[in-house]
Amino acid sequence: MVRIRELEDGACAAWDDFVHRTPEATFFHLSPWRQVIERAFGHRTHYAYAEQDGAIVGVLPLARMKTLLFGDALISTPFCVYGGPVAATPQAAAALESHAMDLMRRTGVPSLEFRRRDAADEGWAERPALHHTFRRAISGDADADMKAIPRKQRAMVRKGISNGLTSVSNHDTRALHHVYARMVHALGTPVFSEKYFRLLGEAFPDSHDVTTVLHEDRPVAAVLNFHFRDEVLPYYGGGTPEARGLAANDFLYWEVMRRAGAERGARMFDFGRSKAGTGAFDFKRNWGFEAQPLHYCYQLRQGATLAENNPANPKFKLMIAAWRRLPLQVANLIGPQIVRGLG
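The following refers to the structure shown. (Residues numbered from 1 in each chain as written. Predicted model: local features only at pLDDT ≥ 70, side-chain atom pairs only at ≥ 80, totals over all residues. Heavy atoms only, no water.)

## Looking at the overall build of the chain
Of the regular secondary structure elements, the chain holds twelve helices and 17 strands. Taking 343 residues into account, the globule formula puts the C-alpha radius of gyration at 20 Å, and the chain, at 20 Å, falls close to it. Reported as C-alpha extents along the three principal axes, the dimensions of the chain are approximately 60 × 45 × 35 Å. A total of 343 residues make up the chain; the buried ones form 52% of that total. Summarising the internal contacts of the chain: among those between residues at least 6 apart in sequence, 72% fall at separations of at least 24. As presented, the chain carries roughly 16,000 Å² of accessible surface, and 50% of it is formed by carbon and sulfur atoms. For the chain, the distance from the average position of its 43 positive side-chain charges to the average position of its 37 negative side-chain charges is 7 Å. (Helix = DSSP H or I, 4+ residues; strand = E, 2+ residues; numbered from the N terminus. Rg over C-alpha atoms; globule rule 2.2 N^0.38 Å. Buried < 20%, exposed > 50% of the residue type's maximum accessible area, 1.4 Å probe, protein only. Contact = heavy atoms within 4.5 Å. Areas by Shrake-Rupley, 256 points an atom, 1.4 Å probe, with all protein chains shown as cover. Lys, Arg positive; Asp, Glu negative; His and termini not counted. Charge placed at Lys NZ, Arg CZ, Asp CG, Glu CD.)

## Quick look at the packing of helix α5 (residues 151-162) against helix α9 (residues 248-263)
With their axes 8 Å apart at the nearest point, α5 and α9 run at an angle of 95° to one another. Relative to α9, the element α5 lies roughly perpendicular. Here Gln153, Met156, Val157, Gly160 and Ile161 of α5 lie close against α9, whose contacting residues are Asp250, Phe251 and Trp254. Each residue belonging to the contact of α5 with α9 can be placed in one class, and the counts come to five nonpolar, two polar and one charged. (Axes fitted to C-alpha atoms, helices over the stretch in contact; angles between N-to-C directions. Parallel < 35°, antiparallel > 145°, perpendicular 65-115°, else oblique. Nonpolar A, V, L, I, M, F, W, Y, C, P; charged D, E, K, R; others polar.)

## Focus: the nonpolar core
In terms of nonpolar packing, the biggest core is built from 49 residues, with Phe28, Trp33, Tyr196, Leu200, Phe226 and Tyr236 touching the most fellow members. The element that contributes the greatest number of residues to this core is helix α2 (residues 32-41), accounting for five residues. If sequence neighbours within four positions are ignored, Tyr196 has contacts with Trp33, Val36, Ala40, Phe41, Phe79 and Tyr236. Judged by nonpolar contacts, the second largest core, of 27 residues, contains Ile138, Met146, Val232 and Trp254. (Core = buried A, V, L, I, M, F, W, Y, C linked by side-chain atoms within 4.5 Å.)

Laid out in structure tokens, this is it:
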């Protein structure tokens, strides 16, 4: 018989062992995300697992995002690319889905969303394919992986090398945040807090690093990378205004690929998600990665409508323009209070 239990600290090791052993599970199913989401954003989490004969046979990471600006939803998993229940048996999968539906009813939350990589759950409505992910195998051989990059993009990487760029790999999330905050402010987007980056580093001490590109000993681009099985996932990254002219962002992701392949044995490069029609989307395609639509599927309470918290929504254009005009210090101060609803 399958039983559903709420995750407690004593079961985290068994939860994560199941995630590592289950091919369909992802880095974003790991249990440390629970405390990161709670401590960085103040959202209540509802992590549940299916148990049978004393063993975990399925997991479901859920969090409730409730804000005045952006509404109320149960999501698996906010601030993450992938989510939804992962189970070893159909019975466990059905029990976890039933648990999520019951939780939506009991809490009165208008919507429930699973972030699927491969296909939407049967019987669930699906959002339009706004987000895409980009994944490709790498060999770990620097010469072979360089040759696998399309010619024009390869030229940009070599331009960065010829400009004298160098890279370091460490755990300095503070320096990363300084670079990242300047970039997102220029884009008109509220920034995550420095605390969030620090908590991610603390939650995944052996599964993260920060790659920073230097020009004349000054940081010009940086990215926070996660490592899971044989995958590397560059996740939060950005560059200073001078990065583009130096080809620093191009050099940055080459260094992530090169280092992960040689130093950590990575054989899969997961470039993360991007919205169709954005510069980030085009940048990743230039590397020869094929865009794969993500299947974000949902259930709605009767009479509820799906929130559209997409910066590409025309109603946000004036807000974005105004945000760019804010002084950087002010944007960094109030941004984290806004972005907690944009997971």
